[in-house]
Amino acid sequence: MLRIFDLKNKNFDFLLLSAVLTLASLGILMVYSTSSIFSLENYGDSTHFLKLHSIYLAVAVLALIFFMHLDYKFLRKLTYPSYFFGLVLLILVLIPGIGKEVGGAQRWITFSHFTFQPSEICKYIMVIYLAHSLTKKRERIESFWVGFFSHIFVAGLYIFLIFIEPDFGTSTVLLTLVFLMLFIGNVRLRYLLILGGISVVFAIGAVLTRGYRMDRIVSFLDPWKDPLGSGYQAVQSFVAFGMGGLYGSGLGGSSQKLFFLPQAHTDFIFSIIGEEFGFIGICVVIMLFLIVLFRSIRISLRAPDSFSCYLVFGFIILITLQAGINMGVAVGLLPTKGITLPFISYGGSSLVSTFAAMGIILGISRYADK
Amino acid sequence: MQNFKSRLIISAIILSQFFLIFFGRLFYLQILKGEEFEKFSAENSIRLLKVPAPRGKILDRNGKEIVVNRPSFNLVVFPREIKDVEAISHKLSEILGKPQFELEITLKKLIKQNFYTPTPIAKDITRDELAIVEINRDVLKGVDIEVNYVRSYPHGNSGSLILGYLGLASEDEIKEDPSIEADQQTGKFGIERNLEKNLVGEKGQKYIVVDALGRKVETPFFKDRLHDKDSSPGNDVQLTIDIDLQDTAESLLEDKSGAIVAMDINTGEILALASRPSFDLRDFSSSITREKWLEITNDEDFPFLNRATQGTYPPGSVFKIVTAYAALNEKAIDYNTKFYCPGHYKIGKRKFHCWKRAGHGWVDFKRSLVKSCDVYYYQVAEKLGIDKLSKYIKVFGFGSKTGFDLFEKEGVAPSREWKLRNFKKPWYKGETAITSIGQGYLNVTPIQVNVMTAAVANNGIILKPTLIKGPVEESDDSDKIRQVVLERSIVKKINDALWAVVNERGGTGGRAKSKLLDISGKTGTAQVVALGSEKGSDKFKDHAWFTSFAPSEYPEIAVTVLVENGGKGGSVAAPIAKEIIEKYHQIKNPSDDI
């Protein structure tokens, strides 16, 4: 019998939920701290972004509660419809007139007052698809065509469509996700190594054929070459961390946020946390992300079945990868990439989809072996 | 299932390793190097300073400096660092003497439009202003002093029309060469423009960190990481000009309008090339005011016209050298041919006068040049005809550019075809007569006359005049010689006559006679065509010519002098040529007394 909700079992992972909510609360503080001046200057209201972010967060919490009580088995039934839904969105976004072009990339769809990135949702759809398919093909997973090629083909379609938007960052995230999910799904290592090799060659090609990507790599390798130009954000980020020192300058005490505008409350929020809360504060934030990672992995390991195990693993990989890339950029270990910090950065679609994913993980935690 | 679990745990461990790396990195950024990075904080600012590159110097043939650089101080604004516009513009208005509101508008505009670009607001400020700026550093946060170079001219105005000047780069120049910056000075005229690529240096860059008071903060940790670049100066240019001779030439023309060309007759190297009136180089050294610019460009005396190469004039009697050579070479006359001059000569129904109305009596070839008898040449022209004459006009280089390094005009070399083409009319015999004495349609530049004179002095080689000694592109010597055309024996005879013009009693060029060395030359007094009522006004006075070479026996230098509306060549231009040649002789033989 098809059951959509399971409202009886309330035995979810409380520690995981607490970590997520702590990060989200920090997010509210930081979005206000980083955006207030920008809001005041551009909207005449210092709480402009704070208000919007609070609304998004409220929606996100509702989504979390909703998905927490959803029976995960029902999600499996949605695998193919949602895959095609995502495919349609990714094609629509490329059609001029429907897709909105911002800075040379066509990544957004506007729907009355509401703008969203299809790739944001498609990442999660991809996890559902892979979790379903890896479970279904478990017996023949070691075969090249069934276990490896079919997944690469279906996932590749998404990655290709996102790549040509172009959105190099998200396609890289997605490719890494596919790689890791096939890895834990027991696909033969040698196929995965071939996939890794091809991806590296392809990525180098993508960098070499687009000058701006090359510029980013160069300024990443040596931000001091042009500290007032392409290396500007990296240098300013270092300064923010340096200003923070051990204890930080206190909430709202950042002076560096002025230098990242208009990205202080999105891509560079981590640097401002470092400045305002110092090394101690930033360690706490990283610890919280590690708690989220380890608790989720624990749930995955104790999951009641293969599908839910893969599902939890896929979601937490996605969230951790994004957090890792965002932090890596801020501390100057990765080239500049427009990826937000999950749970914390300002931004509606990413906040809602991350919370929905956490909701599903928490929902599965109810059935995990204790 | 065991395999799956281990793979899952491996994945999780690898992922968590990244966060460990972040811990390490943050420890380095925040704890170990925190203080260093703090130096780039909001209170402190990184500034990118341009290190100016001095332009190459312009030297004379002996390495003496004609154009050099001197340091100048500009006030530069860093709009990003400006906090209190009112206080700063108030202080600046005190220092610079400009109205405060004007400065306020400028600053606000810079902050709005040029937030990240340091921009000069006052150029070439005085030492006194500089001192006041230094004292008021605390108020003038975001304002700094930038050292730059501007041109300086140890020899004043000498050679201004050759050297040229600098001005702000134009939009076209920037479009063509993106390395040129908007506030960069480029050569606009003369050598400064033609050798821009050679003279211009390569700017360097330097990062400094300053604190809230604009004081430099030492950042040893970043010294190696910030990529400073040294500037490299432009290359020097060496001219063929002898600046001492040039100075003499300029001062001899001081209150006159005209031109002087002095050339080495063996190499074609220009030793002096003066033109007056000219402009004052110092007006252009930092940046010219609009009023000054209008004053110069609207001047009716055309101070930008290089009269030596761009001014075209009827040559008058100096041209008789060409007619004489043509007639001898075409055997229309020989050295002994005599004509009688009663003071006029009739061609058809028209009567053509000799400049000496009383006439010269019997005149032979040599006397025709010594006395510059017009009637003699009317009769030579009648025998020669225009077609042969116009051939020699071209042979001597008239009607075409000499190939000189700066802008020059071609002038007019008339011929039967030329007249038909330009006037749709046939050639009249009378026109041959007036052409033979350097009047009529003929129009020449002083440098063309100088090349002609050099050819007579060097046994017949038409040279290409050069102004630049170095850097020289690889080229063989034949490049300097346009053609070897003249018959030596005829040239020798003309030379004898030109010596007599100056040195024999009654020669028209007697006032060029020097006690130091023998000078040969030819006078010219070119009529300016005037309509009835204008006659007699200064504007239509004759142009005075004198073209010469020395020493007569073994010539080295050819000197041509033109004085616009100066009157008689023998009395106005000849003494100037003599002084130039004597100066040349003195430079070569410093021990000789006059």
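Heads up: the structure comes first, above all this text.
None of the values given here were measured: they were computed from a predicted structure. (Residues numbered from 1 in each chain as written. Chains lettered and ligands numbered in written order. Predicted model: local features only at pLDDT ≥ 70, side-chain atom pairs only at ≥ 80, totals over all residues. Heavy atoms only, no water.)

Peer 1: Please clarify how the sheet that holds strand β1 (residues 45-51) of chain B should be interpreted in this entry.
Peer 2: In sheet architecture, strand pairing relies on hydrogen bonds along the backbone and comes in two forms, parallel and antiparallel. Residues and elements named next belong to chain B. The antiparallel open sheet is built from three strands, whose spatial order is β1-β8-β9. Both edges of this open sheet fall to β1 and β9 (216-217), since each of them pairs with a single strand only. Examined bridge by bridge, strand β8 (residues 204-210) and β9 share two bridges and lie antiparallel to one another. Across the sheet, Val-209 pairs through a bridge with Val-217, a residue of β9. (Pairing = 2+ DSSP bridges. Helix = DSSP H or I, 4+ residues; strand = E, 2+ residues; numbered from the N terminus.)

Peer 1: Explanation requested: the interface of chain A and chain B in the structure shown.
Peer 2: When the parts come together, some accessible area is lost, and that loss is often what is quoted as the size of the interface. Listed per partner, the contact involves 55 residues of chain A and 37 residues of chain B. Here chain A and chain B share an interface that buries about 3900 Å² over both sides, 77% of which is from carbon and sulfur atoms. Scanning the region where chain A abuts chain B turns up zero salt bridges. The tally of links from chain A across to chain B stands at seven residue pairs in polar contact (both at pLDDT 80 or more). For the side of chain A that touches chain B, the secondary-structure elements that each account for two or more residues are α7 (168-184), α10 (232-244), α12 (269-301) and α13 (306-330) of chain A. (Contact = heavy atoms within 4.5 Å. Buried area = accessible area lost by both parts, 1.4 Å probe. Salt bridge = Lys/Arg side-chain N within 4 Å of Asp/Glu carboxyl O. Polar contact = N/O pair within 3.5 Å; in protein donor to acceptor, adjacent residues only side chain to side chain.)

Peer 1: Could you clarify how one ought to interpret the nonpolar core in this entry?
Peer 2: Counting residues in hydrophobic clusters, the biggest one holds 120 residues, and the most contacted among them are Met126(A), Phe270(A), Phe289(A), Leu311(A), Phe343(A) and Ile344(A). Per-element tally for this core: the top contributor is α13(A), with 17 residues. Contacts of Phe343(A), omitting those with residues within four sequence positions, involve Val20(A), Leu23(A), Ala24(A), Gly27(A), Phe289(A), Val292(A), Ile319(A), Leu351(A), Thr354(A), Phe355(A) and Met358(A). Grouped together as the second largest cluster of nonpolar side chains are 95 residues, Ile162(B), Val375(B), Ile393(B) and Ile494(B) included. (Core = buried A, V, L, I, M, F, W, Y, C linked by side-chain atoms within 4.5 Å. Buried < 20%, exposed > 50% of the residue type's maximum accessible area, 1.4 Å probe, protein only.)

Peer 1: Got a minute to help me understand the pattern of salt bridges in this structure?
Peer 2: Side-chain pairing between opposite charges can occur once the charged atoms of the two side chains come close. All names here are of chain B. The tally for this structure, following the rule as stated, stands at 31 salt bridges over all chains. A salt bridge links Arg-307 to Glu-564; the shortest N-O distance between them is 2.9 Å. Linking Arg-307 in the loop between α12 (290-297) and α13 (320-329) with Glu-564 in the loop between β22 (557-563) and α21 (569-588), this pair joins segments that are 257 residues apart in sequence. Comparing Arg-307 with Glu-564 shows no difference in burial state: the two are buried. Of the charged contacts, one joins Lys-419 and Glu-431 as a salt bridge, the two residues approaching to 2.9 Å between their closest N and O atoms. Taken together, the residues Lys-419 in helix α17 (residues 416-423) and Glu-431 in helix α18 (residues 429-436) connect sequence positions twelve residues apart.

Peer 1: What is the right way to look at the pairing of strand β3 (residues 65-77) of chain B in this model?
Peer 2: Residue and element names in this part refer to chain B. Sheet topology note: the strand β2 (residues 58-59)/β3 ladder contains two bridges and is antiparallel. Note that in β3 the partner of Leu-59 across the bridge is Glu-65. Taking the residues between adjacent antiparallel strands as the criterion, β2 and β3 are bridged by five residues, where Gly-63 takes a positive phi near 85°. Bridge analysis of β3 against strand β5 (residues 143-152) gives ten bridges, and the strand direction is antiparallel. Its bridge partner being in β5, Asn-69 is matched across the sheet by Arg-151.

Peer 1: Can you help me understand the environment of Glu431(B) in this one?
Peer 2: All names here are of chain B. On the basis of relative accessible area, Glu-431 is assigned to the buried category, the value being 12%. Put simply, Glu-431 and Phe-4 are 427 residues apart on the chain and 112 Å apart in space, counted from C-alpha to C-alpha. Once you skip the residues sitting within four places of it in the chain, Glu-431 turns out to touch Lys-419, Pro-426 and Tyr-441.

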